[in-house]
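# Survey of secondary and tertiary structure
Read off the chains here:
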Amino acid sequence: QQQQQQQQAGGDAKKQEAKPNKESDKVPEAKKPKKATVKYVDLPIEEHTVSMSKKDINLAVEREAELAMQDKMEVEKGNAKNALEEYVYEMRDKIDLSLQEFMTEQD
């Protein structure tokens, strides 16, 4: 029995020697990053706009129409002045050239 125990003890020692140490043979693995958990939350959406009241909008439209009318009148006034100036120059040229024979020195 002692021999058997010694053989078993010796055999166990041999088995342990023959077996590679699994812990030391393992290649150290890189630690995997933990996956981030994603939470979905419903967010309420509120819309706030700043705008003019209908009364203010109507007043602004009327003011714009007035300004457009003033601009149109200024353009017409400028055109009328240009037409008058053109007429004056034409008449002066006519008087100096073609109508001079009908004029006296006093005129």
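Residues numbered from 1 in each chain as written. Predicted model: local features only at pLDDT ≥ 70, side-chain atom pairs only at ≥ 80, totals over all residues. Heavy atoms only, no water.

Here we take up the overall build of the protein chain. Secondary structure assignment for the protein chain yields three helices and zero strands. Secondary structure elements in the protein chain, listed N-terminal to C-terminal, are α-α-α. Here the protein chain, with 107 residues, has 0% of them falling under the buried criterion. Carbon and sulfur atoms make up 53% of the accessible area of the protein chain, which amounts to about 12,000 Å² in all. (Helix = DSSP H or I, 4+ residues; strand = E, 2+ residues; numbered from the N terminus. Buried < 20%, exposed > 50% of the residue type's maximum accessible area, 1.4 Å probe, protein only. Areas by Shrake-Rupley, 256 points an atom, 1.4 Å probe, with all protein chains shown as cover.)

On the surface, I95, L99, F102 and M103 cluster together into a nonpolar patch covering about 370 Å² of accessible area. Relative to the helices and strands, M103 resides in the segment after α3 (54-97). By relative accessible area, which is 34% here, M103 ends up partly exposed. (Patch = residues over 30% accessible without salt bridge, like charges linked within 9 Å, V, L, I, M, F, W, Y side chains within 5 Å. Salt bridge = Lys/Arg side-chain N within 4 Å of Asp/Glu carboxyl O.)

On to the confidence of the model for the protein chain, then. Atomic detail in the predicted coordinates should be set aside for any region of low pLDDT. Mean pLDDT over the protein chain stands at 78; residues scoring 70 or higher make up 70%. α3 holds the highest mean pLDDT among the elements of the protein chain, 95, whereas helix α1 (residues 2-18) holds the lowest, 51. Taken as a whole, residues 11-19 scores under 50 in pLDDT and shows two contacts with residues more than four places along the chain or in a different chain. (pLDDT = per-residue confidence, 0-100. Contact = heavy atoms within 4.5 Å.)

Moving on, we get to a negative patch on the surface. Taken together, the side chains of E85, E86, E90, D93 and D96 define an acidic patch exposed on the protein surface. Looking at the secondary structure, you find E85 in helix α3. (Lys, Arg positive; Asp, Glu negative; His and termini not counted. Charge placed at Lys NZ, Arg CZ, Asp CG, Glu CD.)

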